[in-house]
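Residue-level structural notes
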Amino acid sequence: MKSDDEILNLIGSNLGNVCKALINRVDEDSIKQFARDIVAFEQPYIREYDGVLNCLNTLKEKGYTLCICSNGNKEYVLGISKKFALFNIFDDICYSSDGISKTQAVGMLKSKYKAEKFIMVGDRTSDIQAASHNGGISIGVTYGFGKDEVLLANYVANTLQEVEKLVTDITI
């Protein structure tokens, strides 16, 4: 049996890694079923971080292209996107069930939007690595699940307000 801390440390990880750690299975059918179970169980409990929609809408109004690039699978990411009406805010949504790494997905988004520079906000090492590998600037957020992982980012934000200020202050 995993401790609460061990389980919380898995949040934001690739679903295959979560399945391996929790149910010791990595076959595609098990991962898909696990994903469906997670979506069904978590949906009623998922809440937005205070002020996140306001922040996202402000950045969108300022002309930023906003994309989601998640380690979550398609059902999970689209479920959250629907719950919080994110389809009207984000220009693109990528998820791990696309069969590519986050680094590859970020590279594809960078190419698609012809972005010479970009900012990636995240709470996991994979976010920071994806930004770095693709020539982007990373903002690590301490209010997520990655804890000390974010200290490797170019910038660190402790609040959503700090993220918004950093994004608008950074010249890209």
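Residues numbered from 1 in each chain as written. Predicted model: local features only at pLDDT ≥ 70, side-chain atom pairs only at ≥ 80, totals over all residues. Heavy atoms only, no water.

As a further point, take the nonpolar core. Proteins that are soluble and globular tend to have nonpolar side chains buried together. Ranked by size, the top nonpolar core spans 23 residues in total, and within it L86, F90 and I139 carry the most contacts. At four residues, the largest contribution of residues to this core is made by helix α8 (residues 160-169). Not counting chain neighbours up to four residues away, the residues in contact with L86 comprise L53, L56, I68, I80 and S81. One finds L109, F118, M120 and A131 within the second-largest nonpolar core, a separate group that totals nine residues. (Core = buried A, V, L, I, M, F, W, Y, C linked by side-chain atoms within 4.5 Å. Buried < 20%, exposed > 50% of the residue type's maximum accessible area, 1.4 Å probe, protein only. Helix = DSSP H or I, 4+ residues; strand = E, 2+ residues; numbered from the N terminus. Contact = heavy atoms within 4.5 Å.)

Time to look at the pairing of strand β4 (residues 137-141). Among the five residues in β4, five count as buried, and that is most of the element. Where strand β3 (residues 119-122) lies against β4, four bridges are found, and the strand directions are parallel. Within β4, the position partnered with M120 by the bridge is S138. On the question of chirality, the crossover connecting β3 to the parallel β4 by way of helix α7 (residues 125-133) is right-handed. (Pairing = 2+ DSSP bridges. Right-handed = clockwise from strand over helix to strand, strands pointing away.)

This part takes up helix α4 (residues 52-61). Taken as a whole, α4 has its buried residues at C55, L56, T58 and L59. Buried residues of α4, viewed axially, fall in a sector of 160°; they line one side. Along α4, exposed side chains directed more than 90 degrees from the buried face belong to N54 and E61. As for α4, its buried residues are in contact with α8. Phi turns positive one or two residues past the end of α4, at G63, with a value near 95°. (Arc of directions from axis to C-beta.)

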